[in-house]
Amino acid sequence: MNELSLHILDIVQNSIRANASLVQIIVNEQKASNIYTVTIIDNGHGMNAQTLSNVSDPFYTSRKTRKVGMGVSLYKMACELTEGSFTIESEENVGTKVIAAFTNDHIDRAPLGEIEETLCILVLNDKDIDVLYKHTIDTSEYVFDTREVKQVLEGIPLNNYEVIMWIKNNIKDGINTLEEERK
Amino acid sequence: MKSLDDLKKIREAAQQKVSMRGKNDGTRILVGMATCGISAGARPVMNKFVEEIAKRELNTVTVTPVGCIGECAIEPIVEVLQGDDRTTYCKVDEKAVERIITEHIIGGKPVTDYVIGKYRL
């Protein structure tokens, strides 16, 4: 996986399996402190201390159909390659928080990539999970919130393809605007 | 979020179309979206399905991301469900998506070049 947005897509699958109803994805790029943070917070069923201590082991999985679980370990590796820090906090019945802090200008820090594709796929999930995406570059901010979109839609489903295309363009434009402001 | 007005227009247009269809009517496309699928290229594949369906206005076709079915070596795996028929495609790329849409979803004939029987029996 060569984009952070692919890792995000992968990690959020765990939130979906944990029956979360809201997933928050927060990307924060700070030039001054040279830190690029990706935080993923869900309100799913969380993990106990035992599971939490095993979660970044690639040979640990809660599934019975296979013996490996690579998602978290690959993400952790991508983070630690940049001399960053990777933490997971979790509480049973409350939720889980995955914080990956990358060294922003490190040569191994993968680009975010096509985050709008990741978010569209999350929105298309059939469990009707709400997604909040917040992207900060220095002091400018872009926020996308499915709860806000649903309010405007008055019952028209999010998986309407015109809505999906609107969401995709909205996110793309929003982030492009942030990038331009930085310049 | 900008341009919420455009979203309102989409809503109004959708409200005019009377839709009697339930969630599981028509064709369902499932795309494997676990670690194995994602690293093999499932995201652009799913995205291509969404774009093609939007472009061709195939309103009874739904695309859903799903987990791993345990054949990680031949990902990206796509399943097409029509009534009781289930077709499993593997090693799908964007070119295959175009063929699945035109030959199978629209044409009604599965694309044998990508069906799982070519790789696993």
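Residues numbered from 1 in each chain as written. Chains lettered and ligands numbered in written order. Predicted model: local features only at pLDDT ≥ 70, side-chain atom pairs only at ≥ 80, totals over all residues. Heavy atoms only, no water.

Between chain B and chain A, the residue contacts involve 33 residues of the former and 39 residues of the latter. At the junction of chain B with chain A, the criterion picks out four salt bridges. Two residues, E154 of chain A and R11 of chain B, come together in a salt bridge whose shortest N-O distance is 3.2 Å. Linking chain B with chain A are 13 residue pairs in polar contact (both at pLDDT 80 or more), by the criterion used here. Of all the secondary structure elements, the ones that give two or more residues to the side of chain B that touches chain A are helix 1 (4-16), helix 2 (35-40), helix 3 (42-56) and strand 2 (61-66) of chain B. (Contact = heavy atoms within 4.5 Å. Salt bridge = Lys/Arg side-chain N within 4 Å of Asp/Glu carboxyl O. Polar contact = N/O pair within 3.5 Å; in protein donor to acceptor, adjacent residues only side chain to side chain. Helix = DSSP H or I, 4+ residues; strand = E, 2+ residues; numbered from the N terminus.)

Moving on, we come to the pattern of salt bridges. Residues and elements named next belong to chain B. On inspection of all chains with the given rule, the structure shows 20 salt bridges over all chains. Residue K8 is joined to D5 by a salt bridge in which the shortest nitrogen-to-oxygen separation is 3.9 Å. Note that K8 and D5 are positioned in helix 1 at a spacing of three residues, about one turn of the helix. Judged by its relative accessible area of 35%, K8 is partly exposed. Linked through salt bridges whose partners overlap, the residues forming this network are K48, E52, K55, R56 and E98. (Buried < 20%, exposed > 50% of the residue type's maximum accessible area, 1.4 Å probe, protein only.)

As a further point, take the environment of T62 of chain B. With respect to the helices and strands, T62 of chain B occurs in strand 2. Taking the C-alpha atoms as reference, T62 of chain B lies 5.0 Å from R28 of chain B; in sequence the two are 34 residues apart.

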